[in-house]
Amino acid sequence: MDARDVVLSVISVFSAAALVYRWLSLYDRVDATVIFFATLLIASLTLLLISIELRMQKIMDEFKSIKRTIAVNSDDLEGRIERLFIEKVRDLEDKLESLERRMYR
C-alpha cells in the first residue's frame, strides 16, 4: 500500500464526515451517529478498494512468475524437440542415402 493510498483514504473519510455535517447543518439536525456511520461507510469502501488493488497486484505478480516459468520450460522443450528433430532427420538422411546406394548398384 502506497502513501498515496493512505492519503487518499484519509481525505475521503474526512470529506465524507465534513459533507454529512454540512448537509445536516443546513436543516439544523446535526446528528453525530449519522456522521459517524457515514464516515464508517466511506472508510470501509476505501479499504475495500485498497484490498482489491492489493489482490490485483498479487495476481499480477503470480502471472509474471508463471510467465517466466513457461518461458524457461518452453526454451527447454524447444531444445529437446530440436535435438529429436535433428536426430530423426539424420536417421531419414541415412536411410535415403542407403536407398540411393542400392539403386545405383
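Criteria and cut-off values
Residues numbered from 1 in each chain as written. Predicted model: local features only at pLDDT ≥ 70, side-chain atom pairs only at ≥ 80, totals over all residues. Heavy atoms only, no water. Helix = DSSP H or I, 4+ residues; strand = E, 2+ residues; numbered from the N terminus. Buried < 20%, exposed > 50% of the residue type's maximum accessible area, 1.4 Å probe, protein only. Areas by Shrake-Rupley, 256 points an atom, 1.4 Å probe, with all protein chains shown as cover. Core = buried A, V, L, I, M, F, W, Y, C linked by side-chain atoms within 4.5 Å. Contact = heavy atoms within 4.5 Å. Axes fitted to C-alpha atoms, helices over the stretch in contact; angles between N-to-C directions. Parallel < 35°, antiparallel > 145°, perpendicular 65-115°, else oblique. Left-handed = near helix turned anticlockwise from the far one by under 90°. Nonpolar A, V, L, I, M, F, W, Y, C, P; charged D, E, K, R; others polar. Expected span 1.5 Å × (residues − 1).

Topic: the overall build of the chain
Broken down by element type, the chain carries 2 helices and 0 strands. Counting only C-alpha atoms and orienting by the principal axes, one finds that the chain spans roughly 115 × 20 × 15 Å. Across the 105 residues that make up the chain, the buried fraction comes to 12%. Roughly 9500 Å² of accessible area belongs to the chain as shown, and the carbon and sulfur atoms make up 66% of that amount.

A short note on the nonpolar core
The biggest cluster of nonpolar side chains holds 5 residues, and these are Ala17, Val20, Leu24, Ile35 and Ala38. Breaking this core down by element, the ones donating at least two residues are helix 1 (3–26) and helix 2 (32–104). Apart from residues lying up to four places away in sequence, Ala38 is in contact with Ala16 and Val20.

A look at the packing of helix 1 against helix 2
Interhelical geometry of helix 1 versus helix 2 gives an angle of 155° and a closest axis separation of 9 Å. Classified by the interaxial angle, the pair formed by helix 1 and helix 2 is roughly antiparallel. Handedness of the crossing formed by helix 1 with helix 2: right-handed. Contacts from Arg4, Asp5, Ser9, Ser12, Val13, Ala16, Ala17, Val20, Tyr21 and Leu24 in helix 1 reach Val34, Ile35, Ala38, Thr39, Ile42, Ala43, Thr46, Ile50 and Glu53 in helix 2. Split into classes, the residues belonging to the contact of helix 1 with helix 2 amount to 12 nonpolar, 4 polar and 3 charged.

Some thoughts on helix 2
The terminal C-alpha atoms of helix 2, which comprises 73 residues, lie 105 Å apart, in line with the 108 Å expected from a rise of 1.5 Å per residue. Residues of helix 2 that are buried: Ile35, Ala38, Thr39, Thr46, Ile50 and Gly79. Close packing links the buried residues of helix 2 with helix 1.

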